[in-house]
Amino acid sequence: MDTIALDNVLPDVFASAAGDASAVDSDVWLCGVTFNRPGIYRIEAESGTGKSSMCSFIYGNRSDYRGRILFNGRDIRSFSVKEWCDMRVSHIALLPQEMRLFPELTVTENIEIKNRLTSFKTRDEITAMLERLEIADKADEPAARLSIGQQQRVAIVRSLCQPFDFLLLDEPVSHLDARNNSLVSQLILDEVNRQGAAVIATSVGYAIDIDPVKVLSL
Ligand SMILES: Nc1ncnc2c1ncn2[C@@H]1O[C@H](COP(=O)(O)OP(=O)(O)OP(=O)(O)O)[C@@H](O)[C@H]1O
């Protein structure tokens, strides 16, 4: 997949709240936006302006929006369940803001749950990613016993365990300091470059440490 386009998209909740939808002031909502692969896109937003909703719409988790979202020109509302499964295994990866790790499972188990679906990374490659993010010593710890910043790094590794054309990152560094931001950003950039992929990353001020080709305000 080479393009994701948002054509006049607006979350239903904003449409009904605004009454007059033209009152929405955004580079994304009610606009025509195309994300091309490869490319790094940053979506800057204030809390509550719909970052997570946008990621959920593109990932197909929610469809409570007006307008159209197109993958390579095709409206994603027409995708079958099988097509969504294929899309999520091979074309789109998502790092959700709330990470969605299984707290009782270890770091390795959390990552393997994903990697078993894709068989994308070897055990050594996963260990090497954990080492780069300086959490390899936590591999056998339950996720619940990690700090939030460590959990964020685990979720980032997990998101990279698949082939993708587009990587959606919802506030990927919100719990990281500058040094860890840099480690994570370099890891992501290496994988994205290897795959020739695009990144769509949201931020509420503290952004991933990768220069974007385009910055959009939500
Ligand atoms: N599952 C949902 N169904 C319907 N509306 C939702 C849903 N989740 C969030 N909303 C509404 O959409 C609006 C934007 O929420 P969203 O979570 O997308 O914002 P956000 O920009 O990611 O905020 P934050 O930075 O605080 O996480 C809010 O008014 C919220 O109540």
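Starting afresh in each chain, residues are numbered from 1 along the sequence in its written order. In view of the model being predicted, local features appear only for residues whose pLDDT reaches at least 70, and side-chain atom pairs are presented and counted only at 80 or more, with totals across whole chains, interfaces and linings using the full set of residues. As a rule here, side-chain values come from all non-hydrogen atoms in the structure, and water together with hydrogens is ignored.

- An unreviewed UniProt entry annotates the protein chain as ATP-binding cassette domain-containing protein of Muribaculum gordoncarteri.
- The record in UniProt for the protein chain states the following under Sequence similarities (unreviewed entry): "Belongs to the ABC transporter superfamily." UniProt positions are given in the numbering used here, feature names are shortened, and annotations may be inferred rather than shown by experiment.

**Looking at unusual backbone geometry**
Link 1 in the chain: Proline 38 follows arginine 37 through a cis peptide bond whose omega is -5°.
Link 2 in the chain: Only DSSP runs of H or I reaching four residues or more are called helices, and only runs of E reaching two or more are called strands; each is numbered from the N terminus. Following the sequence through the fold, proline 38 ends up in the loop between strand E2 (32-36) and strand E3 (39-44).
Link 3 in the chain: Even without being glycine, asparagine 72 reaches a positive phi, approximately 50°.
Link 4 in the chain: Structurally, the position occupied by asparagine 72 is in the loop between strand E4 (65-71) and strand E5 (74-75).
Link 5 in the chain: For the exposure calls, accessible area comes from a 1.4 Å probe over protein chains only, and a residue counts as buried if that area is under 20% of its type's maximum, exposed if over 50%, partly exposed in between. Of the residues examined, asparagine 72 reaches a relative accessible area of 46% and is grouped as partly exposed.

**A few points about the site of the ligand**
Link 1 in the chain: Neighbouring the ligand are 14 residues, the closest being Ser47, Gly50, Lys51, Ser52 and Ser53.
Link 2 in the chain: In the environment of the ligand, an oxygen atom lies 2.9 Å from a nitrogen or oxygen atom belonging to the backbone of glycine 48.
Link 3 in the chain: Polar contacts, as counted here, are pairs of nitrogen or oxygen atoms within 3.5 Å of one another; within protein the pair requires one atom able to donate a hydrogen and one able to accept it, and residues that are adjacent in sequence qualify only if both atoms are side-chain atoms. At a separation of 2.8 Å, an oxygen atom of the ligand approaches a polar backbone atom of glycine 50.
Link 4 in the chain: Shrake-Rupley sampling with a 1.4 Å probe provides the accessible areas, and residues are treated as covered by the protein chains on show and by no other component. For the ligand, the accessible surface in isolation is 630 Å², of which the surrounding protein chains cover 59%.
Link 5 in the chain: For the shell around the ligand, the secondary structure elements donating two or more residues are helix H1 (12-18) and helix H2 (51-59).
Link 6 in the chain: For the shell around the ligand, the element with the highest residue contribution is H2, accounting for three residues.
Link 7 in the chain: Each residue is assigned to one of three groups, with Ala, Val, Leu, Ile, Met, Phe, Trp, Tyr, Cys and Pro labelled nonpolar, Asp, Glu, Lys and Arg labelled charged, and all others, Gly among them, labelled polar. Looking at the shell around the ligand residue by residue, the classes come out as two nonpolar, seven polar and five charged. Think of it this way: one heavy atom of a residue within 4 Å of a molecule or strand is enough to make that residue near it.

**Here we look at the pairing of E3**
Within a regular beta strand, the side chains point alternately toward one face of the sheet and then the other, so they alternate between its two faces.
Link 1 in the chain: Burial of E3 is extensive: five of the six residues sit out of reach of the surface.
Link 2 in the chain: For two strands to be treated as a pair, DSSP must find at least two bridges joining them. Pairing analysis gives six bridges linking E3 to strand E8 (residues 198-203), with the strands arranged parallel. The residue of E8 that forms the bridge with isoleucine 40 is valine 199.

**Structural notes on the pattern of salt bridges**
When the charged atoms of two side chains with opposite charge come close together, those side chains can pair.
Link 1 in the chain: Throughout this description, the term salt bridge denotes a Lys or Arg side-chain nitrogen within 4 Å of a carboxyl oxygen of Asp or Glu. Tallied over the full model, the rule gives 14 salt bridges.
Link 2 in the chain: Among the ionic pairs, glutamate 83 bridges to arginine 74, the shortest N-O distance being 2.8 Å.
Link 3 in the chain: You can call glutamate 83 partly exposed: its relative accessible area is 30%.
Link 4 in the chain: Beyond isolated ion pairs, a larger network of salt bridges with shared partners links Asp2, Arg37 and Asp165.

**Thoughts on helix H7 (residues 178-195)**
Link 1 in the chain: What a helix should span is 1.5 Å times the count of its residues minus one. For H7, built from 18 residues, the straight-helix expectation of 26 Å at 1.5 Å per residue is met to within 8% by its first-to-last C-alpha distance of 26 Å.
Link 2 in the chain: Listing the buried residues of H7 in full gives Asn180, Asn181, Val184, Ser185, Leu187, Ile188, Glu191, Val192 and Gln195. Each buried residue of H7 sits inside an arc of 165° when the element is viewed along its axis, so together they form one side. More than 90 degrees from the buried face of H7, the exposed residues found are Ala178, Asn193 and Arg194.
Link 3 in the chain: Whether two residues touch is decided by their heavy atoms; if any such pair falls within 4.5 Å, the residues are in contact. Residues of H7 that are buried make contact with E3, helix H5 (123-132), helix H6 (148-159), strand E7 (166-169) and E8.
Link 4 in the chain: Its side-chain oxygen placed 3.1 Å from the backbone nitrogen of arginine 179, aspartate 177 serves as the N-cap of H7. Note that the arc is computed from the directions linking the helix axis to the C-beta atoms.

**Here's the deal with the packing of aromatic side chains**
Aromatic rings considered in pairs are described by the distance between their centres and by the relative angle of their planes.
Link 1 in the chain: Only the six-membered ring of Trp is used, alongside the rings of Phe and Tyr, when aromatic pairs are assigned; centres must lie within 6.5 Å, and planes under 30 degrees apart are stacked while those over 60 apart are edge-to-face, with the rest tilted. The final tally for this structure, using the stated rule, is seven aromatic pairs.
Link 2 in the chain: Taking the centre distance of 6.4 Å and the plane angle of 75° together, the rings of phenylalanine 14 and tryptophan 29 count as edge-to-face. Taken together, the positions of phenylalanine 14 in helix H1 and tryptophan 29 in the loop between H1 and E2 put the pair 15 residues apart, joining distant regions of the chain.
Link 3 in the chain: Centre to centre, the rings of phenylalanine 79 and tryptophan 84 are 5.2 Å apart; their planes meet at 55°, and the pair counts as tilted.
Link 4 in the chain: Judged by its relative accessible area of 12%, phenylalanine 79 is buried.
Link 5 in the chain: To sit over a ring, a charge needs its Lys NZ or Arg CZ within 6 Å of the ring centre and within 35 degrees of the ring normal. In this structure, arginine 77 is placed above the aromatic ring of tyrosine 65, and the distance from its NZ or CZ to the ring centre is 4.1 Å.

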